[in-house]
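# Secondary and tertiary structure notes
One-letter residues, chain by chain:
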Amino acid sequence: MRAPRFLRRLRREPRIALALGSGGARGLAHILVLEALDELGVKPIRIAGASIGAVIGAAYAAGMSGKEIRAFAIDALRARGGFVRRLVSLQFGVVREQFRQIITFRAPPPQFDALRIAHEFLPRTMPDKFEQLEIPLQVVATDYWARKEIVLDSGPLRPALAASMAIPGLARPVALGGRVLIDGGATNPLPFDLLRGHADIVIAVDITRSFDSDRGTIPDPMECLFMISHIMAHTIVNEKLKSSAPDILLRPKVQAFKALEFLRVAAILRAAEPIKTEAKQKLKALIEG
């Protein structure tokens, strides 16, 4: 693949922008792409992300390296076993009360508080505001009542990330700036279009492919809800690609994992390992022509 003619005329290093997509636990594969950029000595000038992509993008924009994000994820999600204990502790009172109501048919299943989860599980070094990040970041959320995409890029950071990952059926919507916001993946699961005009090369990491499963099996209601979300996200991405595409599209092979399998962090990172080489090769080919 030869670099576009305008890139070959540049006398400076090309400006790189990075879009990280939604997809639950499969989004841990984004870490491999960040490691590839670090090893090439390339730093994006702008990052856009939805849901898990916004969270990992925020950590990178805050100054953490890909390897530091990997270490944090492994420690938080697996090594200490703290993810489950802390998540349960956040919601124990709510779950206990709602379970009592569920058995009397008076309440729906409990939902987690996305904002509290964001405060609990994001790195302590994460800045409070977008303006404090080292790399400009755009976070995609969905305005529930206006039924449209909302791009957050200034003001409080954690509420924006919480809104972007407020998956319907799992987390309660987030009230922010006079809006009721939910998962950014509902409207723009791979926001590479936000980066056009800001960089010479746009890299997008797509993890919206639905997980592999046994055909013919009947899913339980929660699994069905997540599968519908994956199908919709993948359809949106495919339609966007028909009219416009990023300069580099990366699709880690992590479709075997389900949205909430965060405790399989090591297995997800192993499965995504080949994307690091692919990212390096594609970027070097585009830059060097």
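Residues numbered from 1 in each chain as written. Predicted model: local features only at pLDDT ≥ 70, side-chain atom pairs only at ≥ 80, totals over all residues. Heavy atoms only, no water.

## Digging into the overall build of the chain
When you go through the chain residue by residue, the secondary structure sums to 10 helices and 10 strands. Here the chain, with 289 residues, has 48% of them falling under the buried criterion. Of all intrachain contacts in the chain linking residues separated by at least 6 positions in sequence, the fraction that spans at least 24 positions is 76%. Accessible surface for the chain amounts to roughly 14300 Å². Of this, 57% is attributable to carbon and sulfur atoms. (Helix = DSSP H or I, 4+ residues; strand = E, 2+ residues; numbered from the N terminus. Buried < 20%, exposed > 50% of the residue type's maximum accessible area, 1.4 Å probe, protein only. Contact = heavy atoms within 4.5 Å. Areas by Shrake-Rupley, 256 points an atom, 1.4 Å probe, with all protein chains shown as cover.)

## Overview of the nonpolar core
Counting 69 residues, the largest nonpolar core has L18, L137, L152 and I203 as the members making the most contacts within it. For this core, the element with the most residues is helix α3 (residues 52-61), which contributes 8 residues. When neighbours within four sequence positions are excluded, L137 is seen to be in contact with I47, A54, G57, A58, A61, F130, L152, D153 and L157. One finds A17, A50, L190 and L195 within the second-largest nonpolar core, a separate group that totals 13 residues. (Core = buried A, V, L, I, M, F, W, Y, C linked by side-chain atoms within 4.5 Å.)

## Some details on empty space enclosed by the protein
Tallied over the entire structure, the rule returns 2 cavities of 30 Å³ or more. Per-class residue counts for the lining of the largest cavity are 4 nonpolar, 8 polar and 2 charged. Estimated volume of the second largest cavity: approximately 40 Å³. The wall of the second largest cavity is formed by R26, D206, I207, R209, R251, P252, V254 and Q255. (1 Å grid on protein atoms, 1.4 Å probe; cavity = no way out; pocket = protein on both sides within 12 Å on 5 of 7 lines; lining within 4 Å. Points joined across faces, edges and corners; volume = space filled by probe spheres on them. Nonpolar A, V, L, I, M, F, W, Y, C, P; charged D, E, K, R; others polar.)

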